[in-house]
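What the coordinates show
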Amino acid sequence: MTTFKSEFLNIMQSRGFYNQCTNEQAFDEYLADCEKQGIPAVGYLGSDPTGDSLHVGHIVPLMMMRWFQKCGHKPITLVGGATARIGDPSGKDKLRPFLDEATLQSNNQGLKKSFMKFLKFGDGKTDAIMVDNYDWFKDINYLEFLRDIGTCYSVNRMLTMDSVKSRLEREQPMSFLEFNYMLLQGYDFCVLLQKYGCRAQIAGADQWGNIVSGTELGRRRYNTELFGFTSPIITDSNGKKMGKSEGNAIWINDEKLPSYDYYQYFRNIGDAEVGKCLRIYTDLPLDEIERLEALKDKEINEAKKILAFEATKICRGEQEAILSQETAVQIFEKGIAGGELPSITAPKDGINVLEAFVLLGFVSSKGEARRLIKQSGLKLNDKTITDENYIITPKDIIDGNIKLSQGKKKHGLLVLE
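The residue count restarts for each chain, going from 1 along the sequence in the order it is written. The predicted origin of the model limits local features to residues at a pLDDT of at least 70 and limits the giving and counting of side-chain atom pairs to 80 or more, whereas totals for whole chains, interfaces and linings rest on all residues. Heavy atoms from the whole structure form the basis of all side-chain values; hydrogens and water molecules are not counted.

1. Details of the packing of aromatic side chains
Applied cut-off: Under the pairing criterion, centres of Phe, Tyr and Trp rings, with the six-membered ring standing for Trp, must be within 6.5 Å; the plane angle then separates stacked pairs below 30 degrees from edge-to-face pairs above 60, leaving the rest tilted. Only lysine NZ and arginine CZ atoms are considered, and such an atom sits over a ring when it is within 6 Å of the ring centre and within 35 degrees of the ring normal.
All told, the structure shown has 15 aromatic pairs when counted by the stated rule. Here the guanidinium or amino end of Arg 199 rests over the ring plane of Tyr 30, the centre of that ring lying 4.7 Å away. Directly above the aromatic system of Trp 251 lies the positively charged group of Lys 256, at a separation of 4.3 Å from the ring centroid.

Written out as structure tokens, the structure reads:
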């Protein structure tokens, strides 16, 4: 394991955030020099306002920026009011739908609320700020942009970028509008350099091509080395991208998802992911994480509870984390919620999920249960059920109980005997 000069890169490596860096040695020296002099380095994270909240899939780069700020540096959060009007082709197979002005403005406010849960905003030298790239693109002259910026890009080089190459290889259409996206993101980087002295962009691995377009533009047009730093795409032991919960996004903003559901997402993380998630989604020190991830069998549930509490505390606040924890204790550990939860028993070798909901009386027939599953209306231990043939077995027991839910208000317990 490499030992870096800068505190930030050492943290990134030890906690599993490090994927790629455009010039590792120069970036490390730049950060170390800033840290030594007490002068904040400036870095940015961009998000297009295509929705009114970020979700768990966005948290990895957000936590990177959180550590960036903790190390004495200044984060810039950029909302792509302009680029949202085009659409980033990275990881997409079709053109993004266009949004009206009112929706974009509402989404901008929602994104700022998400950012504020992880970063401190204000007027201090290390306080985060939020900018909108529409402010510098709205009045730009197209011919001047082509002459000044377009001439710095090679179409041959652009065609090798994964975001473009993968679409062409799949023979899926890409509009010229989308093809321009990396030029706009590259220009963003250079505007932030000129306005704020920003020399680093931090993002997920899928943004590598767009980041490199900015670092190359900085070198060619402004004779300045800019740095790109990306995190890996976080997956579980089955290779599934973290943050995808049976098709339902785990939203950061509380009006989009109750804190208890956010808590339970992390509480239900697989055993193999506990250490990785503690490093990435919490601020806990590494020695404590090493102790927790070493727990085995039933004891690993204690580590999962700490993970859920700490992750919820960062995103929703300590009071919401406490309330979510208390709710989980009432439902799973005590098996009660004011003594009102209905319960049923079933053979220890398992029971079909449709039969379980019929026995609980939540549905009148298996047909109704199938319909609710198609509508994402039934849950097992707060995870949406998608397979009508699923057999509930002892592996689904959490703290001695199995929780079945219909919607947000009807809950019951299943005991396997």
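From this point, the discussion proceeds with the structure in view.
2. Considerations on empty space enclosed by the protein
So the rule is basically this: Cavities and pockets are found on a 1 Å grid laid over the protein atoms alone: a cavity is a set of points where a 1.4 Å probe fits but cannot escape, a pocket is an open set with protein on both sides within 12 Å along at least five of seven lines, and a lining residue has an atom within 4 Å of such a point. Grid points are joined across faces, edges and corners, and a volume is the space filled by probe spheres set on the points. Residues were grouped as follows: Ala, Val, Leu, Ile, Met, Phe, Trp, Tyr, Cys and Pro as nonpolar; Asp, Glu, Lys and Arg as charged; and all remaining residues, including Gly, as polar.
Here the structure, examined in full by the defined rule, presents one cavity of 30 Å³ or more. Each pocket or cavity is described by its volume, and for the largest cavity that value is around 30 Å³. Every residue lining the largest cavity is listed: Ile 59, Met 63, Phe 118, Tyr 262, Phe 266, Tyr 281, Ala 311 and Ile 314. The class makeup of the residues in the lining of the largest cavity is eight nonpolar, no polar and no charged.

3. Regarding the pattern of salt bridges
Note the threshold: Think of a salt bridge as a Lys or Arg side-chain nitrogen and an Asp or Glu carboxyl oxygen that are within 4 Å of each other. Think of it in three bands: with a 1.4 Å probe and only protein chains considered, a residue is buried below 20% of the maximum accessible area for its type, exposed above 50%, and partly exposed in between.
The final tally for this structure, using the stated rule, is 16 salt bridges. Residue Lys 120 pairs with Asp 127 through a salt bridge whose shortest N-O separation is 2.9 Å. Residue Asp 127 is classed as buried on the basis of its relative accessible area of 8%. Connected through shared salt-bridge partners, Lys 113, Asp 254 and Glu 255 make up one network.

4. Re the sheet that holds strand 3 (residues 74–79)
Across a sheet, paired strands are connected by hydrogen bonds in the backbone, their directions being either parallel or antiparallel. Where we set the bar: Pairing between strands is defined by DSSP: at least two bridges between them are needed. Note on conventions: DSSP H or I runs of at least 4 residues are helices, E runs of at least 2 residues are strands, and numbering of each starts at the N terminus. Residue contacts are counted whenever heavy atoms from the two residues lie within 4.5 Å of one another. What counts as an axis is a line fitted to C-alpha atoms, over the stretch in contact for a helix, and the angles between N-to-C directions run from 0 to 180 degrees.
Here we have six strands laid out as an open sheet, ordered 1-6-5-2-3-4, and mixed in their pairing. Edge positions in the open sheet fall to strand 1 (20–21) and strand 4 (129–132), since each of these has one partner strand only. Most of the contacts of helix 2 (residues 24–37) go to strand 6 (residues 227–231), to which it runs at about 100°, and overall it touches strand 1, strand 2 (42–47), strand 5 (200–204) and strand 6. Where helix 11 (residues 208–222) meets the sheet, its contacts fall on strand 1, strand 5 and strand 6, and the angle it forms with strand 6 comes to roughly 170°.

5. With respect to helix 8 (residues 162–169)
To be explicit about the condition: Comment: arc refers to directions from the helix axis out to C-beta atoms.
The set of residues buried in helix 8 consists of Ser 163, Val 164 and Arg 167. All buried residues of helix 8 project into a common sector of 95° when viewed along the axis, lining one side. With respect to the buried face of helix 8, the exposed residues turned more than 90 degrees away are Asp 162 and Glu 169. Taken together, the buried residues of helix 8 touch helix 7 (155–158), helix 9 (176–179) and helix 10 (181–196). Of the residues flanking the end of helix 8, it is Glu 171, one or two places downstream, whose phi is positive at about 55°.

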